[in-house]
Amino acid sequence: MTPLLASLGLLPLLAMGSPWWENYDQRDSYRCSDKATVVVERNDSQASLISGGYRSTLFREASDAPGLRYRNEELRLIVRGDELTVERLPMRLTCTRTDQV
């Protein structure tokens, strides 16, 4: 695992699913390094970042910047096409979509 992934709190993915009431429309898997994979479940209002048995819920952020943006107190997710950016400033990690799960 890369030091950046460890510092962001992103550990290797364990199988997890969201509660039915969160009703996520989209579920995508992203590779962030040679060994690290995260899953992002999202809808128009919120997103959930799943990694290493942990889940972070983020809420849609209004922005004129490109991409879909979700944020909580610690993290920001930016989804642009097949690219996911995970920010816990000052650190930033870019991941690439591997498939829809």
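Reading the values: the criteria
- Residues numbered from 1 in each chain as written.
- Predicted model: local features only at pLDDT ≥ 70, side-chain atom pairs only at ≥ 80, totals over all residues.
- Heavy atoms only, no water.
- Helix = DSSP H or I, 4+ residues; strand = E, 2+ residues; numbered from the N terminus.
- Disulfide = S-S within 2.5 Å.
- Buried < 20%, exposed > 50% of the residue type's maximum accessible area, 1.4 Å probe, protein only.
- Polar contact = N/O pair within 3.5 Å; in protein donor to acceptor, adjacent residues only side chain to side chain.
- Pairing = 2+ DSSP bridges.

A.B. asks: How should I be thinking about unusual backbone geometry in this particular structure?
C.D. replies: As a rule of thumb, non-glycine residues mostly have phi less than zero, and peptide bonds are mostly trans rather than cis. The peptide bond linking Leu 89 to Pro 90 adopts the cis configuration, its omega dihedral lying at 15°. Looking at the element boundaries, Pro 90 is found in the loop between β7 (83-88) and β8 (91-100).

A.B. asks: Looking at this structure, how should I read the state of the cysteines?
C.D. replies: Put plainly, a disulfide is one covalent bond tying together the sulfur atoms of two cysteines. A full pass over the atoms with the stated rule returns 1 disulfide. Each disulfide pairs two cysteine sulfurs, and for Cys 32 the partner residue is Cys 95, the sulfurs being separated by 2.1 Å. For the disulfide bridge between Cys 32 and Cys 95, the dihedral angle about the S-S bond is near 100°, and by the sign convention the bridge is right-handed. Within this pair, whereas Cys 32 is found in the loop between β1 (26-31) and β2 (37-42), its partner Cys 95 is found in strand β8, the two being separated by 63 residues in sequence. As far as the burial class goes, Cys 32 and Cys 95 line up, both buried.

A.B. asks: What is the right way to read the side chain of Asp 28 from this model?
C.D. replies: In this fold, Asp 28 is placed in strand β1. One polar contact links Asp 28 to Arg 97, side chain to side chain, over a distance of 3.4 Å.

A.B. asks: Help me understand the pairing of β2 in this model?
C.D. replies: If a strand is regular, its side chains alternate between the two faces of the sheet. A large share of β2 lies buried, amounting to 6 of its 6 residues. Here β2 shows no split at all, with Thr 37, Val 39 and Glu 41 on one side and Val 38, Val 40 and Arg 42 on the other all buried. In textbook terms, the turn of a hairpin is the stretch between consecutive antiparallel strands, and for β1 and β2 this stretch comprises 5 residues. The turn joining β2 and strand β3 (residues 46-51), which pair antiparallel and follow one another in sequence, is formed by 3 residues.

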